[in-house]
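Chain and residue survey
Chain by chain, the residues run as shown.
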Amino acid sequence: MKREPTRKASPKRKRPARRTRKLRSNWAKAILYTFGFVVMVSALIFALQYVQKDKHTENTFISSTEVNSVIENIDNKLLELLFDVGITKRDIVKDVYDHRSKGETNWKHRTLEIKVPSRVSKSIVRNNINNRFSDIGIDKDITFKNNDITTNIGVGDISTHKLTFKFEKLKTAKTRSSQIDNNQSITKGNADLQKHLKHKKYSEKISANGKPKIAIIIDDIGLDKNQIDRLLDISVPLNFAILPDLPYSNYAAKMANDKGWEVILHLPMEPKETSGYFAEDAGENALLVGLPKSEILDRLKYNLSSVPYVKGVNNHMGSKFTENEELMELVLKQLKEEGLFYIDSKTTDNTIGFKLGRKMGLKTGTRDIFLDKSQRDPKYIKSRLDELVRVSKLSGSAIGICHPYPETIEVLRNNLPNIDKEVDIALVSNLL
């Protein structure tokens, strides 16, 4: 019986082996792709972390000395801001520091809450925040909530200040239009003028061309260089009443003197608390009623020496000090010895300054019109400027006092060249 030949394995039996090899190859590719994907994602994440770390390091790798220098700059700008919008220390209801650190950087974070008087608008505060802090390379954000403005200030991701401005709500029942206020001020001004004219001699103050004279004193100069430069651009002569020891006090004095304008020391004196200010609001070296006479003279001499080119003095605040005859005589005697004049800013109806100065034979004068004491509305300021001209025409001369508010500067820039056709705008020493 013949054996059947052995059959070769059919191709079908080898397919499972090829399938297994193919499957293994696919798995290897999948693993390889997965591994590659993981490596790529990891590299991307690492790169992002590196960029973030580099950015973070760039923003926060600041020494404590550098941060504290920025904080000092911000504090100075903050002081200018509060001063410019008319906020006093009395309006600061919270001022606290807390120590913070990040890495090797240490600093003190400052938190302030400020009650904003109803006369100050939100737009003024917001604009001043933007103007003050936009040019010193710091970061800020401003948020509004209810009746408040909050701003966080810092450098990079280091927060240094948090300011909250709380605005008083206007009581509409007691609000009067600026026109009514203006009419009342003019009516009161007419009565005050008749009383005021009894204490002045005017015939010699009229110019040779027959025109009356006015002098405009700008108080509170020294905090803001931009304000000073804008005033210096005005073509008519002005009188700078400069506060001592401010960042731009010397600059203002030099620039005004170079233009031939009058430089006046705006001498800090103690106010009454009923005026809304305290003694410390007047300034570090203010003349205070409770000080010994020797200390008052020392402070007076220091303040005089701190502002160059001074030709005279007028009082900053001083509603309490200028009512004290004994202490005012002490001050005016010293001014007379140094050949300086005195302008009574007349911050109180009971001031003794002008009357006593005349009695002592001191070259002296008194403020006739405040251009912007109660309001910063341009229409109001313009009406007060018109009133100053009217007073000068009645009496031969008049002295106006105002402040370096943006609104006031704009009114002066737009109107003084035209007023110069009606009156002579002079240095205040020519009216005394």
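This text gives an overview of the structure that appears in the document. Predicted model only: the values in this text are computed from it and were never measured.

Quick notes on the overall build of the protein chain
When helices and strands are tallied, the protein chain shows 12 helices and 14 strands. The buried share of the protein chain, taken over its 432 residues, is 44%. Counted over contacts in the protein chain with a minimum sequence separation of 6, partners at least 24 positions apart contribute 68%. A total of about 24200 Å² of accessible surface is found on the protein chain, and carbon and sulfur atoms cover 51% of it.

Focus: the packing of helix 5 (residues 225–232) against helix 12 (residues 406–419)
Packed helices, taken two at a time, are described by the angle between their axes plus the distance between the axes. The N-to-C vectors of helix 5 and helix 12 enclose an angle of 10°; their axes lie 10 Å apart at closest approach. Classed by the angle they form, the pair helix 5 and helix 12 counts as roughly parallel. Mapping the contact onto sequence places Q227, R230 and L231 in helix 5 and P406, I409, E410, L412 and R413 in helix 12. Taken together, the residues that form the contact of helix 5 with helix 12 break down as four nonpolar, one polar and three charged.

Notes on the side chain of R367
Among the secondary structure elements, R367 is positioned in the loop between strand 11 (364–366) and strand 12 (369–370). Summary of buried charges: R367 has no salt-bridge partner, and the nearest side chain of opposite charge, D349, is 6.2 Å away. A polar atom in the side chain of R367 sits 3.2 Å from the backbone oxygen of S345.

Topic: unusual backbone geometry
For Y309, which is not glycine, the phi torsion reads 65° and is therefore positive. Mapped onto the elements of the fold, Y309 is located in the loop between helix 8 (293–306) and strand 9 (312–317).

Focus: the pairing of strand 5 (residues 158–167)
Consecutive residues of a regular strand have side chains that alternate between opposite faces of the sheet. Most of strand 5 sits inside the fold, with seven of its 10 residues counted as buried. In the sheet, strand 2 (residues 105–116) pairs with strand 5 via seven bridges, with the strands oriented parallel. Following the sheet pairing, L112 is matched in strand 5 by L163. Pairing geometry for strand 4 (residues 148–155) and strand 5, over eight bridges, is antiparallel. Each residue of the ladder has a partner; that of G154, found in strand 5, is S159. Hairpin connection between strand 4 and strand 5: a loop of two residues separates the two successive antiparallel strands, and G156 in this loop has a positive phi of roughly 60°.

Comments concerning the pattern of salt bridges
Enumeration over the complete set of coordinates arrives at 16 salt bridges. Here K293 ties to E326 by a salt bridge, and the two come within 2.6 Å at their closest N and O atoms. Highlighted residues: K293 in helix 8 and E326 in helix 9 (residues 325–337), separated in sequence by 33 residues. The closest approach of N and O atoms between E387 and R390, which form a salt bridge, is 3.0 Å. Pair noted here: E387 and R390 are both in helix 11 (residues 378–395), with a separation of three residues, about one helical turn. Judged by its relative accessible area of 5%, E387 falls in the buried class. Its relative accessible area of 30% is what places R390 among the partly exposed residues. Here the residues in one salt-bridge network are D75, D95 and R110, joined through shared partners.

Details of the side chain of N415
Turning to its location among the elements, N415 is positioned in helix 12. Exposure remark for N415: the relative accessible area of 16% places this residue in the buried category. Among the polar contacts listed, one links the side chain of N415 to the backbone oxygen of V411, at a separation of 2.8 Å. Setting aside residues no more than four positions away along its own chain, N415 makes contact with K382 and L385.

The rules behind these values
Residues numbered from 1 in each chain as written. Predicted model: local features only at pLDDT ≥ 70, side-chain atom pairs only at ≥ 80, totals over all residues. Heavy atoms only, no water. Helix = DSSP H or I, 4+ residues; strand = E, 2+ residues; numbered from the N terminus. Buried < 20%, exposed > 50% of the residue type's maximum accessible area, 1.4 Å probe, protein only. Contact = heavy atoms within 4.5 Å. Areas by Shrake-Rupley, 256 points an atom, 1.4 Å probe, with all protein chains shown as cover. Axes fitted to C-alpha atoms, helices over the stretch in contact; angles between N-to-C directions. Parallel < 35°, antiparallel > 145°, perpendicular 65-115°, else oblique. Nonpolar A, V, L, I, M, F, W, Y, C, P; charged D, E, K, R; others polar. Lys, Arg positive; Asp, Glu negative; His and termini not counted. Salt bridge = Lys/Arg side-chain N within 4 Å of Asp/Glu carboxyl O. Polar contact = N/O pair within 3.5 Å; in protein donor to acceptor, adjacent residues only side chain to side chain. Pairing = 2+ DSSP bridges.

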